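Secondary and tertiary structure notes
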Amino acid sequence: MGYKVAVVGATGNVGREMLNILAERQFPVDEIAALASRRSLGTEVSFGDRTLKTQDLDTFDFTGWDIALFAIGSDATKEYAPKAAKAGCVVIDNSSLYRYDPDVPLVVPEVNADAVMGYSRKNIIANPNCSTAQMVVALKPLHDRARIKRVVVSTYQSVSGSGKEAMDELWNQTKGIFVPGQEVAPSVYPKQIAFNVIPQIDVFLDSGETKEEWKMVAETKKIMDPAIKVTATCVRVPVFVGHSEAVNIEFEDFLDEDEARDILREAPGVMVIDKREPGGYVTPIECVGDYATFVSRIRQDSTIENGLNLWVVSDNLRKGAALNAVQIAEVLGQRALKKG
Ligand code: 2RA
């Protein structure tokens, strides 16, 4: 016996990946519903070798459904997630709406799987932001060994994190640069993204940091340890899929780079590719479609007493969103919503 699973926002980048990953990992599904807004109604999406027609989220009745994976914006989530949760369906939400709610667990299964059980407070579990998810997968095993005091992270985030329109903007702007008269002005982004980098992701806050940077701080604390200090600079780069991060870590205790490499090799969800030769590291193109968080360039930071540098790369639509949500559903199934 399996689960009745709804994917909300099934026509978006993340919703489609959720359906792919549920099928790939053979999540025990008895019934599947692909839900979308009225404007995408009837659009077909793939689920393994099946094709599903999207149904109207607005009129869908969640009664009797076990799990809903939400991949829509915060405003729509605010309207529909409480309806689903009230109907007894556990919501796993990819928006930022519930991430900082003390009554909603924020979960990365490799890091804090036990927190899933807090779902029962509101029938909602939050999925973290993509840039946080891959970072904490790499940080947790190192924190367990040497206690992290402070993290300085710079991100290089792909345009798929902003949705399909942003991917089109990068594609069309790139083509337009070579074809006179077909230049494409920035519309999703505040500046040209083709052949450029933009040091702004999400809105600016009064502190001067952007909301994406603030999310990395707040979410790392909630998922891993409130004592860890994080400072982030988040940058959009002209890459379609795959977020990269240069991470500098200061520990309480000394951690040798070779020991760190060994720890990361054994860590769940991590793949170490770290040869000190040209190309002996992972770039975003190589991580597309993969489940792992790749760690490369592991090396001592000799400017501080107990410091390490890492290069961390992952498929932002997978570990950063859809895969993490399906992994949460798997833990929920094993620990709480047992079937058959
Ligand atoms: C981004 N953080 O990459 C977003 C996606 N969740 O813009």
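Each chain carries its own residue numbering, running from 1 in the written order of its sequence. Selection of residues for local features in this predicted model requires a pLDDT of at least 70, selection of side-chain atom pairs for listing and counting requires 80 or more, and totals for whole chains, interfaces and linings are taken over all residues.

1. A look at the overall build of the protein
Definition in use: Here a helix means four or more residues in a row that DSSP labels H or I, a strand means two or more in a row labelled E, and each is numbered from the N terminus. We compute the radius of gyration from the C-alpha atoms alone; for a globule the expected value is 2.2 Å times N to the 0.38, where N is the number of residues. Labels follow a simple rule on C-beta atoms placed from the backbone: if 20 or more others lie within 10 Å of a residue's own, it is buried; if 12 or fewer, it is exposed; otherwise it is partly exposed. Throughout, a pair of residues is in contact if the C-beta atoms placed from their backbones lie within 7 Å.
On a plain count of helices and strands, the protein comes out with nine helices and 14 strands. Relative to the compact-globule value of 20 Å for 340 residues, the protein shows a C-alpha radius of gyration of 20 Å, a close match. Structurally, the protein occupies a C-alpha span of about 60 × 60 × 40 Å along its principal axes. Counting only residues that meet the buried cut, the protein has 47% of its 340 residues in that class. By sequence separation, contacts in the protein at least 24 residues apart represent 67% of the contacts at least 6 residues apart.

2. Remarks on the confidence of the model for the protein
Do not read the fine detail of predicted coordinates wherever pLDDT is low. Worth spelling out the cut-off: What pLDDT conveys is the predictor's confidence in a given residue, as a value from 0 to 100.
Residues with a pLDDT of 70 or more make up 100% of the protein, whose mean pLDDT is 96. In the predicted assembly, ipTM is 0.95 and pTM is 0.95.

3. Some thoughts on the site of the ligand
Stated precisely, the cut-off is as follows: Any residue whose C-beta atom, as set from the backbone, lies within 6 Å of a molecule or strand is reported as near that molecule or strand. Residue polarity is assigned by list, with Asp, Glu, Lys and Arg as charged and Ala, Val, Leu, Ile, Met, Phe, Trp, Tyr, Cys and Pro as nonpolar; anything else, Gly included, falls into the polar class.
The full set of residues close to the ligand is Asn129, Cys130, Ser131, Gln157, Gly161, Ser162, Ile201, Glu212 and Asn316. Considered class by class, the residues forming the shell around the ligand number two nonpolar, six polar and one charged.

4. Brief notes about the sheet that holds strand S7 (residues 90–93)
Let me state the cut-off plainly: Only when DSSP finds a minimum of two bridges between them are two strands counted as paired. The angle between two axes is taken between their N-to-C directions and runs from 0 to 180 degrees, where each axis is a line fitted to C-alpha atoms and a helix contributes only its stretch in contact.
Across the sheet, six strands lie side by side as S5-S2-S1-S6-S7-S8; this open sheet has parallel pairing. Edge strands, defined here as strands with exactly one partner in the open sheet, are strand S5 (55–56) and strand S8 (124–126). In terms of strand pairing, strand S2 (residues 29–36) meets S5 through two bridges, oriented parallel. When the bridges of S5 are listed, Leu35 appears paired with Gln55. The strands touched by helix H1 (residues 13–24) are strand S1 (3–8), S2 and strand S6 (67–70); relative to S1, the strand with the most contacts, the crossing angle is about 155°. Sheet contacts for helix H2 (residues 74–86): S1, S6, S7 and S8; angle to S7, the most-contacted strand, approximately 150°.

5. What about the sheet that holds strand S9 (residues 148–157)?
With mixed pairing, six strands are arranged side by side in an open sheet as S10-S9-S11-S14-S13-S12. Both outer strands of the open sheet, strand S10 (229–236) and strand S12 (270–272), are each paired with one neighbouring strand and no more. Taking the axes of each pair of neighbouring strands and ignoring which way they run, one obtains an average angle of 25° across the sheet. Across three bridges, the pairing between S12 and strand S13 (residues 293–300) is parallel. Directly across from Val272, in S13, lies its bridge partner Val295. The strands touched by helix H7 (residues 257–266) within the sheet are S12, S13 and strand S14 (307–314), with S13 carrying the most contacts at an inclination of about 170°.

6. Things to note about the UniProt feature "binding site: phosphate" (unreviewed entry) in the protein
Where we set the bar: UniProt positions are given in the numbering used here, feature names are shortened, and annotations may be inferred rather than shown by experiment.
Within this structure's numbering, the places UniProt gives as "binding site: phosphate" (unreviewed entry) are Arg99. Checked against the element boundaries, Arg99 lands in the loop between S7 and helix H3 (109–112). The buried category is assigned to Arg99, around which 22 C-beta atoms lie within 10 Å. Not counting chain neighbours up to four residues away, the residues in contact with Arg99 comprise Leu106, Ala126, Pro128 and Glu219.

7. Let's talk about the domain arrangement of the protein
What counts is decided by this rule: Residue ranges labeled as domains rest on an automatic or database domain assignment.
One can read the domain layout of the protein as domain 1 (3–128 + 321–335) and domain 2 (131–315). Every element with two or more residues in the side of domain 1 that touches domain 2 is listed here: H3 and helix H9 (318–335). Sorting elements by how many residues they give to the side of domain 1 that touches domain 2 places H3 first, with three residues. Across the side of domain 1 that touches domain 2, the residue classes tally to six nonpolar, five polar and two charged.

8. Here we look at the pairing of S2
The two faces of a sheet get side chains in turn, since along a regular strand they alternate between them. Short version of the rule: Whether a crossover is right-handed comes down to one check: with the strands pointing away from the viewer, does the path from the first strand over the helix to the second run clockwise; if it does, it is right-handed.
Bridging between S1 and S2 involves six bridges; their strand directions are parallel. Its bridge partner lying in S2, Val5 is registered against Ile32. Running through H1, the crossover from S1 to the neighbouring parallel element S2 is right-handed.

9. Points about the packing of helix H4 (residues 130–146) against H9
Using the following cut-off: When describing relative orientation, an angle under 35 degrees is termed roughly parallel and one over 145 degrees roughly antiparallel, while 65 to 115 degrees is termed roughly perpendicular and anything else oblique.
Contact geometry of H4 with H9 gives a least axis separation of 8 Å together with a crossing angle of 85°. In terms of orientation, H4 and H9 fall into the roughly perpendicular class. On the side of H4, the interface is formed by Cys130, Ala133, Gln134 and Val137, while H9 contributes Lys319, Gly320, Ala321 and Asn324. Split by residue class, the contact of H4 with H9 holds four nonpolar, three polar and one charged.

10. Focus: the UniProt feature "binding site: NADP(+)" (unreviewed entry) in the protein
What UniProt calls "binding site: NADP(+)" (unreviewed entry) maps, in this numbering, to Thr11, Gly12, Asn13, Val14, Arg39, Ser40, Ser160, Gly161 and Asn316. With a sequence span of 306 residues, these residues are also far apart in the fold, their greatest C-alpha distance being 25.9 Å. Apart from residues lying up to four places away in sequence, Thr11 is in contact with Ala36, Ser40, Thr43, Val45 and Thr54. Mapped onto the secondary structure, Asn316 falls in the loop between S14 and H9.

11. Focus on the pairing of S13
Strand direction decides the pairing type here: S13 and S14, joined by six bridges, are antiparallel. Along S14, the bridge assignment pairs Arg299 with Asn309. What sits between the antiparallel neighbours S13 and S14 is a turn of six residues.

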